[in-house]
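Structure assessment
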Amino acid sequence: GMRKGQEESIIICFFNLPNMDIYTILYYVFVFLVGLIYPAYKSLEVISPKTTPNSEDYNQWVFYWFIFIAFEYLFDFVQFIPLMGLVHCLVIAFLVLPKFRGSSKISKYLSDEEKMRAMGDKVKTKIANVTAGKKEEKTD
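Just so you know, these numbers come straight off a predicted model, no measurement behind them.

Among the structural elements, Ile106 can be located in helix H5 (residues 102–111). Along the primary structure Ile106 and Phe63 are separated by 43 residues, whereas in three dimensions their C-alpha atoms are 8.4 Å apart. Dropping the residues within four chain positions of it, Ile106 is found in contact with Phe63, Ile67, Phe94 and Leu95.

In this section: the packing of helix H2 (residues 22–46) against helix H3 (residues 56–78). Relative orientation of the contacting elements H2 and H3 amounts to 150 degrees, with a least axis distance of 9 Å. By the angle between their axes, H2 is roughly antiparallel relative to H3. Here H2 runs over H3; the crossing is left-handed. Contacts between H2 and H3 involve Tyr27, Val34, Gly35, Leu36, Tyr38, Pro39, Ala40, Lys42, Ser43 and Val46 from the first element and Asp57, Tyr58, Trp61, Tyr64, Trp65, Phe68 and Phe75 from the second.

Moving on: the packing of H3 against helix H4 (residues 84–96). Each packed pair of helices is defined by two parameters, the angle between the axes and the distance between the axes. It is the contact of H3 with H4, at a shortest axis distance of 11 Å, that shows an interaxial angle of 175 degrees. In terms of their interaxial angle, H3 and H4 are classed as roughly antiparallel. For the pair H3 and H4, contact is made by Gln60, Trp61, Tyr64, Ile67, Phe68, Phe71, Glu72, Phe75 and Val78 and by Met84, Gly85, His88, Val91, Ile92, Leu95 and Val96, respectively. Tallied by class, residues from the contact of H3 with H4 come to 12 nonpolar, three polar and one charged.

The rules behind the values
- Here, residues in each chain are numbered from 1, in the same order as that chain's written sequence.
- Owing to the predicted nature of the model, reporting of local features is limited to residues with pLDDT of at least 70; listing and counting of side-chain atom pairs is limited to 80 or more, with chain, interface and lining totals taken over all residues.
- Excluded from the side-chain calculations are hydrogens and water; all other atoms, namely the structure's heavy atoms, are used.
- We count a stretch as a helix when DSSP gives it H or I for four or more residues in a row; a strand needs E for two or more, and each element gets its number in order from the N terminus.
- Any two residues having at least one pair of non-hydrogen atoms within 4.5 Å are treated as being in contact.
- Angles run from 0 to 180 degrees between N-to-C directions of axes, and those axes are lines fitted to C-alpha atoms, restricted for helices to the stretch in contact.
- Any angle that is under 35 degrees is reported as roughly parallel, and any over 145 degrees as roughly antiparallel; angles of 65 to 115 degrees are reported as roughly perpendicular and all others as oblique.
- Put simply, a crossing is left-handed when the front helix is turned counterclockwise from the back one by less than a right angle, and right-handed when it is turned clockwise.
- In this classification, Asp, Glu, Lys and Arg are treated as charged, Ala, Val, Leu, Ile, Met, Phe, Trp, Tyr, Cys and Pro as nonpolar, and every other residue, Gly included, as polar.

Structure follows, in structure tokens:
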């Protein structure tokens, strides 16, 4: 479901429509249609009985919702930054639109165990280097 703040913002947005500029209206329409309605439709389409659970489309849309929810929470903290609405729309477009299939690409990347293990090893090495550097500085 929606968070309390989202429900209030949708209600305020609807009643405040005459006072909004065209860019704000287009932003809300884009996020609603491209960020929610289209993905919901595609998600329902891929969970139909004729779709296999391991299909690429299935993984894309399941993963999309995880990314979308995380991004929406993050957006709550950074929405005051100028042009963040544009960034919000670009991220949604990258994740959703068939030309980019961003959520599918991210899903494939994160499900590749070798890449994830290599990334984990790099992070461990960097943490060890930083920690070792700080210990050396303290002993000098």
